[in-house]
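# A closer look at the structure
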Amino acid sequence: MPMESQTKLNVQRKRKVLRKKRRIKFFRVFVFLILLGCALTAAGWVSMKLYGWASQTYAVYAEIYDDYKQRRALRAASFDPRFDGYTNILFVGLDTGREDTGQQADNLFLLSFRHEDGAVRIISIPRYTLAEIPGMPQPERLNNAYYYGGLPLLEQTVTGFLGVTVHHHVAIDIEALKELVDVMGGIDVYVETPMDYEDPEGELYIHIPKGYQHMDGDTAQKYLRFSSDELGAYGRSKRQQAFVKAVYQRVLQPDVVTKLPLLLDVWQRRAVTTIEAFDSAHFTNLLRKLSGTKPEIVLLPGGWDANGSWVCDRAATEAKMAELFPAEPEPEEDEGFFGIF
């Protein structure tokens, strides 16, 4: 074969190989572009779906938050600005209830946090305190307010009686109390006198010896319900104070942090309260200041009348409230240069 013909065949063969390589390369680029387009399309679709889901979720939560702000504003409309530096919570312990009357307000106390320094005050309010209940013609026992109008009327009555703003209320029954104490791992309380009481009809049997006791939930609720000693209702109020102090001290223990999910679960299931999830940031800030502070426990001054009702000393009570919640001094007016003449 002539040299010229061989060269021509080699050139044609190389051109054929090059054309094949170009076709393969083009095909690969084409396939890559198709796959890239599919990936971008899929990513765009997913992004669009995520955006739609996020927008819808945001709209739902925005609506929930707007409702929360409206409820909060509605409650805050009746708050006295003199108490803006405090968070006052009315705690109500409910009994097991009866068929004829339902549940009754069995334990009452006001828990007050001072924002400035984290000071905590616990004001114990005897349930048989005589107070003016809105809508009633004459003073009645305070716990009757719950029977007449539930927590709103009880809160309104306490607010008027003490002359302080109640920012939130919390109500739990005996079963919830037992569950909370058990989740915390029990509490330590000093029992000043032996407690022995039996009520077969009410299925209540109380036998707690004198001395330091590590109480589970069942023992704790019996300790709170006992009122058959010489001090009667007054002794019951003192035990309520000791119990609240013991719970407060237990909550500050480091190991309780690991139990918070279980405590929150009980709280959400069993507590009736105006405190909502959106309030968590506020209460987290309050809890940061609690370590190292000892609560001041206050029993309203007064005495028992012949009918077994607690009659407060109004002058002494108002003085105590003024001491616990001192009025802020009004700012002095700037009289300017001419004020010196």
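Here is what the cut-offs are and how they apply
- Residue positions are counted from 1 within each chain, in the order its sequence is given.
- In keeping with the model being predicted, local features are shown solely for residues with a pLDDT of at least 70 and side-chain atom pairs are shown and tallied solely at 80 or more, while totals for entire chains, interfaces and linings include all residues.
- Excluded from the side-chain calculation are hydrogens and water; included are all heavy atoms of the structure.
- By the criteria applied, helices consist of DSSP H or I runs no shorter than four residues and strands consist of E runs no shorter than two, each listed in order from the N terminus.
- Burial classes: relative accessible area under 20% of the type maximum marks a residue as buried, over 50% as exposed, and values in between as partly exposed (1.4 Å probe, protein chains only).
- In this analysis, two residues are considered to be in contact whenever any of their non-hydrogen atoms come within 4.5 Å of each other.
- Using a 1.4 Å probe, accessible areas were evaluated by the Shrake-Rupley method; residue-level cover was limited to the displayed protein chains.
- We count a salt bridge whenever a side-chain nitrogen from Lys or Arg sits within 4 Å of a carboxyl oxygen from Asp or Glu.
- Any two strands between which DSSP finds at least two bridges are classified as paired.
- Axes here mean lines fitted to C-alpha atoms, for a helix over just the part in contact, with angles spanning 0 to 180 degrees between N-to-C directions.

As a further point, take the overall build of the protein chain. If you tally the helices and strands in the protein chain, you get 8 helices and 14 strands. Here the protein chain holds 341 residues, and the buried ones make up 34% of them. Of the contacts formed within the protein chain by residues at least 6 apart in sequence, a portion of 60% connects residues at least 24 apart. As displayed, the protein chain has an accessible area near 21900 Å², and 58% of this comes from carbon and sulfur atoms.

Here we take up the pattern of salt bridges. In total, this model carries 13 salt bridges according to the counting rule given. For Arg250, the salt bridge is made with Asp255, and the minimal N-O distance between the two is 2.7 Å. For Arg250, a relative accessible area of 15% puts it in the buried group. We classify Asp255 as partly exposed; its relative accessible area is 34%. A salt bridge links Asp265 to Arg269; the nearest nitrogen and oxygen atoms lie 3.0 Å apart. In this pair, Asp265 and Arg269 are both assigned in helix H6 (residues 260–270), 4 residues apart and thus about one turn of the helix distant.

Think of a sheet as strands paired side by side through backbone hydrogen bonds, with each pair either parallel or antiparallel. Sheet architecture is open: 6 strands sit in the order S11-S6-S1-S2-S3-S12, paired in mixed fashion. The open sheet has two edge strands, strand S11 (272–273) and strand S12 (296–299), and neither has a second partner. As defined by bridge partners, strand S2 (residues 105–114) adjoins strand S3 (residues 120–124) across 5 bridges and the pair is classed as antiparallel. Across the sheet, residue Leu111 finds its bridge partner in S3, namely Ile122. Packing against the sheet, H6 makes contact with strand S1 (86–94), strand S6 (168–173) and S11, and its axis sits at approximately 95° to S6. Taken strand by strand, helix H8 (residues 314–324) contacts S1, S3 and S12, and its axis lies near 165° from that of S12.

With that settled, consider the environment of Pro295. Structurally, the position occupied by Pro295 is in the loop between helix H7 (280–288) and S12. Of the residues examined, Pro295 reaches a relative accessible area of 15% and is grouped as buried. Between the alpha carbons of Pro295 and Ala119 there is a distance of 6.9 Å; along the sequence they are 176 residues apart. With sequence-adjacent residues up to four places away left out, Pro295 is seen in contact with Val120, Ile122 and Tyr248.

With that out of the way, let us pick up the environment of Val311. Counting through the fold element by element, Val311 comes out in strand S14 (residues 310–312). On the accessibility criterion, Val311 (36% relative accessible area) is partly exposed. Sequence-wise, Val311 and Tyr128 are 183 residues apart; in three dimensions their C-alpha atoms are separated by 8.6 Å. Setting aside residues up to four positions removed in sequence, Val311 forms contacts with Leu130, Gly302, Gly303 and Asp305.

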